[in-house]
Amino acid sequence: MLMEKNKMDIFINGKEIKVSEDETILSAARREKIHIPTLCYMEKLLPIGSCRLCVVEVEGCEKPVAACKTPVVPEMKVSTDTQRLRDMRREILSFILMTHPLECDQCELKGVCTLELLAKEYGVEAPASGVTSPRPRTAEFSTPAIIYKPYRCIACGRCVSACQEVVGRAVLALKGEGIGAAMEVVNADKCISCGECLSVCPVAALADAGMNELDHSDKGKRPKKTQTVCTYCGVGCTFDLNVVDGKAVGVTTNHNIGTNKGSLCVKGRFGYRFVNSPDRLTTPLIRKNGKLVEATWDEALDLVAKKLTSIKKDSGPDSITGLTSAKCTNEDNYVFQKFMRAVIGTNNVDHCARL
Amino acid sequence: MAGLAATLGSGAMTNSVEDLSEAEVMLVIGSNNTETHPVIGMRLRNAARYRGAKIIVVDPRRTGLVDDSVLWLSPPPGYDIAIVNAMAHVILEEGLHNEDYIEEKTEGFEEFKKALVPYTPEYAEELTGVPAKDILKAARLYGSANKAAILYCMGITQHSKGTDNVKSLSNLALLCGQMGKRGSGVNPLRGQNNVQGACDMGGLPNVFTGYQKVGLPEVQGKFEKHWGVELSDKVGLTVVEMSNQMMEGNVKALYVMGENPLVTDPDLTHVEEAFEKLDLLVVQDIFLTETARAADVVLPATSFAEKDGTFSNTERRVQLVRKALDPPGSARLDWEILADISTRMGYEMSYSSGQDVFEEIREVTPQYAGITYKRLGREGLQWPCPDEKHPGTPILHTKGVTRGSALFVPIEFRPPAEVPDAEYPFVLTTGRDYYQYHSATMTGRVKLLRDACPESYLEMSPEDADKLGVSDMSVVKVSSRRGHVIARIKITPNLSAGIVFKKFHFYEGAVNRLTNPVLDPTSKIPELKVTAVRIEKHDGPAPEPESQGMCLM
């Protein structure tokens, strides 16, 4: 009943839409799949309203308004794609491209970058004279895990909001005005290297420092992304593991899915690197004369099978114990306990749930 | 887990991360989640800041979440029951309990009520030192909320009275009818990424998959039929019991898959002695861990990045793990290695893939019956999910609890197994760091994480440091009834006098040389959170951080 009372009608580009009173023009349009361009807006953050690309015209209002910050009112009539709006957006994009170089060929976001795509859509090109007062290629950041490339920053404020609203840390702030505006670190000692900032940056001004350790020849390669689940704590955050040439080079997150909705901690975001470690075990080892020496799989597995069989025969199945693992998959755990119960013949199976 | 299984019929987190942030009041007890479950910590913090949720923290340490809480109660480790019982006492006294819920959905209320009589806030203050007025305030906050959630972790369970601790929290939730709705419930945060799954899969000595009990004739029969062999109906040994039986000479072999008991188990010196008595130690892992170094055979396995399968998270969400990389060298999948040994021992296992294994899991596990790899997609599914049409279960007990009627259990406060005395005057408690993980096998090899947390200090209050005449980085010898370690001091205002803290991640100066292996009689969880220790100045060097010999990435 309550829901019904709060419903109202608005019109976007002449189309009648049912909305609830706590919505903005942008959220209503998104739901109806009506395209309004944005750079700074993110569903998980409070509207920032810095990029102004989401301007729309509302009948009765003289000036266009930012769709992300304007609440709906009954019978409101909205236009999202007029000549006036297109001109305004073109102007905004030109302004951004005064400082953000269109070096898309060297950028990991090539082809999926909203700014690149909008520049194409609106026919805006990089200024012929190159960028104005270029900013430094790199600057000190609040954590060694992340490389900051100020020359790419478009001062949208996403990272600032995300650090404040999602992580509750307020490490970053926007500094400067107009063409000089950019993000700066203001509270480095509050940083927990979670990389939320990196995950929301629309223009790759923030990057996983691990990527930088790649061979130069690998840098242009588009990483293969595989959605998986973090291996650390029980929250079970989901992310895409990025792989280049058989090496894990980073993780990327999707802000709309999973328990974590794009957030991770330092271990989730950067702790994947252990998988590349040269310390990884690559071959079975057998203790001979007190020392662990390399062996073939056949040798090792035959030895284990033979010894377990003889201990079972001599001392009974309950003389054999097994620790399965909270780090392994359900499938691994299932087969482990089945092995202990059906093959060895004991219920002596446990793991570190208690530790 | 055993506690909630007894009172509600299911030992898992009742609610989901997403709906918990709707709670008006959150009682966070024995959970340092801004470090141990950071993304949940972020959500709770934001619920306080942006939705006005009131957080009550109960913890001997001033944890990160205290900054965003309305109230912090700080009993000594092992004294939670006194606080929780006193909160229930106040709620009853002031008529804040939910009579309808108690009447309709629960049993055992009268006995529980009787047992609460002595637990006045003043009595609890006497036991714990927590001011009675704070307990009163906590009780009124929790008792008056429309939606109130309890979250807890190892600070509740790693005690010799851990099961009682959990039952007392369950009592509190039932008393207020905070069950089976959004933003409520009793929520154990599981520590490891797949500890829920390892339990669900029957990686426990008393249950098969889906908590089907060992020894019940119908369960034995079901699995015997499915697996085509006769099965033992005798409940097996838990991890601490295993090493005790090795010492006795009754256990001859141990097969370890992806665990590192030579760092993580209590009373390590005893565990090391026990392992030495084994005829066979097999370790299957991705690194040469401390445990693997002691093994007779080491089998190289695969990390999460190299396998297809599923993990089940703390909120019972089964999610797909997908292979992103090839395993290094000749390393093989964990289940594949086991199936191979099994076949060599005369019991043929011939699974073709992780999915093939999962299909068998579904057949024998009612909670997983409706889950398929295809349905898991990008978001996963929360069990119970009994059939392929079932949408999964984000919140348990919405139509009454799993066991039929929820059980109040009268719980008496009893002190921890070790209390400080003249010889061991400090209480040592253990925990994790944000930058490290368990025995640091993985995090210890990531330079960024290693640099951020290179060693585990003995953390103590400024008062105690004054008393002992030590300062930051002073080297001390910490001794308990079981052993000693050398450690450097870190002074922190986050601890009260008399209580010291050490992280358990590192082999060097391993805190588990000190910890008490005394077990909770039901859950068999050791009392890792309370050890009586003595602290003396030490002239020699502190243990070096053990990055040497480890390749940092």
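Quantities reported herein were computed from a predicted structural model and do not represent experimental measurements.

> What am I meant to see in the overall build of chain B here?
Scanning chain B from N- to C-terminus turns up 22 helices and 21 strands. Radius of gyration (C-alpha) of chain B: 24 Å, near the 24 Å computed for a compact globule of 553 residues. Across its three principal axes, chain B shows a C-alpha extent of roughly 65 × 65 × 45 Å. Here the contacts in chain B between residues at least 6 apart in sequence split such that 71% fall between residues at least 24 apart. For chain B, the exposed area adds up to about 18900 Å²; of that, 49% sits on carbon and sulfur atoms. For chain B, the distance from the average site of its 58 positive side-chain charges to the average site of its 74 negative ones is 4 Å.

> Help me understand the overall build of chain A in this model?
The helix and strand tally for chain A stands at ten helices and 16 strands. Its C-alpha atoms put chain A at 90 × 60 × 35 Å along the principal axes. The buried share of chain A, taken over its 355 residues, is 61%. Of the contacts formed within chain A by residues at least 6 apart in sequence, a portion of 55% connects residues at least 24 apart.

> Would you mind showing me how to read the state of the cysteines here?
Residues and elements named next belong to chain A. Taken as a whole, this structure holds zero disulfides over all chains when the rule is applied. With no disulfide of its own, Cys107 lies 6.2 Å from the sulfur of Cys113, the closest cysteine sulfur. Residue Cys107 is classed as buried on the basis of its relative accessible area, which comes to 17%. Cys230 takes part in no disulfide bond, and the closest cysteine sulfur, belonging to Cys237, lies 6.2 Å away.

> Mind showing me how you'd approach unusual backbone geometry here?
Among all residues except glycine, the phi angle is most often negative; among peptide bonds, the trans geometry is most common. That bond from B:Trp383 to B:Pro384 is cis: its omega, 0 degrees, falls within 30 degrees of zero. Mapped onto the elements, B:Pro384 comes out in the loop between strand S12 (381-382) and strand S13 (406-407). Although it is not a glycine, A:Lys33 sits at a positive phi angle of roughly 60 degrees. Tracing the sequence through the fold places A:Lys33 in the loop between helix H2 (25-31) and strand S3 (55-58). For B:Arg316, which is not glycine, the phi dihedral falls at a positive 65 degrees.

> How do you make sense of the interface of chain B and chain A when you look at a structure like this?
In many analyses, interface size is given as the accessible surface area lost on bringing the parts together. Opposite the 150 residues of chain B that make contact, chain A presents 113 residues. Carbon and sulfur atoms supply 63% of the area buried between chain B and chain A, which totals about 11300 Å² over both sides. Per-residue buried area on chain B facing chain A is highest for B:Phe304, B:Met345 and B:Met553; these three make up 7% of the total on that side. A salt bridge links A:Asp302 to B:Arg344; the shortest N-O distance between them is 2.8 Å. Grouping the amino acids of the side of chain B that touches chain A by side-chain chemistry returns 83 nonpolar, 36 polar and 31 charged.

> Hey, could you run me through the side chain of B:Ser303 in this one?
In this structure, B:Ser303 sits in the loop between strand S9 (297-300) and strand S10 (309-312). The class of B:Ser303 is buried, set by a relative accessible area of 4%.

> Mind showing me how you'd approach the domain arrangement of chain A here?
Under the domain assignment used here, chain A contains domain 1 (2-81), domain 2 (222-279), domain 3 (281-315) and domain 4 (316-355). Here domain 1 of chain A and domain 2 of chain A have C-alpha centroids that lie 34 Å from each other.

> Even after reading the chapter, I still don't get helix H5 (residues 80-93) of chain B, so can you show me in this structure?
An α-helical turn contains 3.6 residues, so any two residues separated by three or four positions project in the same direction. Residues and elements named next belong to chain B. In this model, H5 (14 residues) spans 20 Å end to end at C-alpha, consistent with the 20 Å of a helix rising 1.5 Å per residue. With 13 of 14 residues buried, H5 lies mostly within the body of the structure. Gly95 lies just past H5 and shows a positive phi near 65 degrees.

> Could you clarify how one ought to interpret the nonpolar core in this entry?
As a rule of thumb, nonpolar side chains are buried together in soluble globular proteins. Counting 102 residues, the largest nonpolar core has A:Leu115, A:Met183, A:Leu206, A:Leu241, A:Phe274, B:Met26 and B:Leu151 as its most contacted members. With six residues, the top contributor of residues to this core is helix H4 (residues 38-51) of chain B. Apart from residues lying up to four places away in sequence, A:Met183 is in contact with A:Phe141, A:Tyr148, A:Cys153, A:Cys159, A:Val160, A:Leu172, A:Ala173, A:Leu174 and A:Leu206.

> Can you walk me through the environment of A:Gly345 in this structure?
Here A:Gly345 is to be found in the loop between helix H10 (330-344) and strand S16 (349-350). It is 8.7 Å that separates the C-alpha atoms of A:Gly345 and A:Lys312, two residues lying 33 residues apart in sequence. Once you skip the residues sitting within four places of it in the chain, A:Gly345 turns out to touch A:Pro317, A:Asp318, A:Met340 and B:Ser232.

> What is the right way to look at the packing of helix H14 (residues 239-247) of chain B against helix H16 (residues 268-276) of chain B in this model?
Helix packing geometry: the angle between the two helix axes and the distance between the axes. Residue and element names in this part refer to chain B. One way to put it is that H14 packs onto H16 with a least axis distance of 8 Å and a crossing angle of 55 degrees. One element, H14, and the other, H16, form an angle in the oblique class. With respect to the hand of their crossing, H14 and H16 are arranged in left-handed fashion. Where H14 approaches H16, its residues Ser243, Asn244, Met246 and Met247 are matched on the opposing element by His270, Val271, Glu273, Ala274 and Phe275.

> Would you mind going over the sheet that holds S12(B) with me for this structure?
Through backbone hydrogen bonds, the strands of a sheet pair up, either in parallel or in antiparallel fashion. Residue and element names in this part refer to chain B. Read across the sheet, three strands follow the order S10-S11-S12 without closing on themselves; strand pairing throughout is antiparallel. Here the strands that pair on one side only, and so sit at the sheet edges, are S10 and S12. As paired strands, S10 and strand S11 (residues 317-321) are joined by four bridges and run antiparallel to one another. Note that in S11 the partner of Ser312 across the bridge is Val318.

> Whenever I open this one, the pattern of salt bridges confuses me. Can you help?
As a working rule, side chains carrying opposite charge can pair if their charged atoms are close by. Scanning the entire structure with this criterion turns up 51 salt bridges over all chains. Across the pair A:Asp208 and A:Arg273 runs a salt bridge whose closest N-O atoms are separated by 2.8 Å. One end of the pair, A:Asp208, is in strand S9 (residues 206-208); the other, A:Arg273, is in the loop between helix H8 (266-270) and strand S13 (285-288), with 65 residues separating them in the sequence. For the pair shown, A:Asp208 and A:Arg273 are each scored as buried. Where B:Lys467 meets B:Asp464, a salt bridge forms, and the shortest distance between an N and an O atom there is 3.8 Å. Within this pair, B:Lys467 and its partner B:Asp464 are both found in helix H22 (residues 462-468), separated by three residues, close to a single helical turn.

> How should the domain arrangement of chain B be read in this particular structure?
Here the domain parsing of chain B yields domain 1 (2-189), domain 2 (191-235 + 301-387), domain 3 (237-300) and domain 4 (426-537). Inter-centroid distance (C-alpha atoms) of domain 1 of chain B to domain 3 of chain B is 37 Å.

> Would you take a moment to explain the pairing of strand S8 (residues 182-185) of chain A for this structure?
Looking down a regular strand, the side chains alternate between one sheet face and the other. Residues and elements named next belong to chain A. Note that strand S7 (residues 172-175) and S8 share four bridges and pair antiparallel. Residue pairing across strands places Leu174 opposite Met183, the latter belonging to S8. Counted along the chain from S7 to the antiparallel partner S8, the turn is six residues long, and its residue Gly176 has a positive phi close to 85 degrees.

> How should the pairing of strand S17 (residues 484-491) of chain B be read in this particular structure?
Residue and element names in this part refer to chain B. Here strand S15 (residues 458-460) runs beside S17; their pairing, made up of three bridges, is parallel. Bridge pairing links Glu459 to Lys490 in S17. The pairing of strand S16 (residues 475-479) with S17 spans five bridges and is classified as antiparallel. Across the sheet, the residue bridging to Val475 is Arg488, located in S17. Connecting the antiparallel pair S16 and S17 is a turn made up of four residues.

> In this structure, what is going on with the environment of A:Asp105? I would like to understand it.
Residues and elements named next belong to chain A. Positionally, Asp105 belongs in the loop between helix H3 (83-99) and helix H4 (114-121). Residue class for Asp105 comes out exposed when judged on its relative accessible area of 66%. Once the C-alpha coordinates of Asp105 and Pro127 are considered, the two residues, 22 residues apart in sequence, prove to be 17 Å apart.

> Just checking my understanding: could you explain the packing of aromatic side chains for this structure?
Two aromatic rings are characterised by how far apart their centres lie and by the angle between their planes. Residues and elements named next belong to chain A. Applying the stated rule across the entire model yields 22 aromatic pairs over all chains. Ring geometry for Tyr232 against Phe274: centres 6.3 Å apart, planes inclined by 75 degrees, an arrangement best described as edge-to-face. Separated by 42 residues along the polypeptide, Tyr232 in the loop between strand S10 (224-229) and strand S11 (238-244) and Phe274 in the loop between H8 and S13 bring together distant segments of the chain. The exposure class assigned to Tyr232 is buried, which follows from its relative accessible area of 2%.

> I keep staring at the sheet that holds strand S15 (residues 320-323) of chain A and nothing clicks. Help me out?
With mixed pairing, the seven strands of this open sheet are ordered in space as S14(A)-S13(A)-S9(B)-S8(B)-S7(B)-S15(A)-S16(A). Where the open sheet ends on each side, the last strands, each with one partner, are strand S14 (291-294) and S16 of chain A. With two bridges joining them, S13(A) and S9(B) adopt antiparallel strand pairing. Along S9(B), the bridge assignment pairs A:Leu285 with B:Val298. Along the sheet face, helix H9 (residues 297-315) of chain A touches S13 and S15 of chain A together with strand S7 (253-257), strand S8 (280-285) and S9 of chain B and points at about 130 degrees away from the line of S9(B).

Cut-offs and rules
- Residues numbered from 1 in each chain as written.
- Chains lettered and ligands numbered in written order.
- Predicted model: local features only at pLDDT ≥ 70, side-chain atom pairs only at ≥ 80, totals over all residues.
- Heavy atoms only, no water.
- Helix = DSSP H or I, 4+ residues; strand = E, 2+ residues; numbered from the N terminus.
- Rg over C-alpha atoms; globule rule 2.2 N^0.38 Å.
- Contact = heavy atoms within 4.5 Å.
- Areas by Shrake-Rupley, 256 points an atom, 1.4 Å probe, with all protein chains shown as cover.
- Lys, Arg positive; Asp, Glu negative; His and termini not counted.
- Charge placed at Lys NZ, Arg CZ, Asp CG, Glu CD.
- Buried < 20%, exposed > 50% of the residue type's maximum accessible area, 1.4 Å probe, protein only.
- Disulfide = S-S within 2.5 Å.
- Buried area = accessible area lost by both parts, 1.4 Å probe.
- Salt bridge = Lys/Arg side-chain N within 4 Å of Asp/Glu carboxyl O.
- Nonpolar A, V, L, I, M, F, W, Y, C, P; charged D, E, K, R; others polar.
- Domains from an automatic or database assignment.
- Expected span 1.5 Å × (residues − 1).
- Core = buried A, V, L, I, M, F, W, Y, C linked by side-chain atoms within 4.5 Å.
- Axes fitted to C-alpha atoms, helices over the stretch in contact; angles between N-to-C directions.
- Parallel < 35°, antiparallel > 145°, perpendicular 65-115°, else oblique.
- Left-handed = near helix turned anticlockwise from the far one by under 90°.
- Pairing = 2+ DSSP bridges.
- Phe/Tyr/Trp six-rings, centres within 6.5 Å; stacked < 30°, edge-to-face > 60°.

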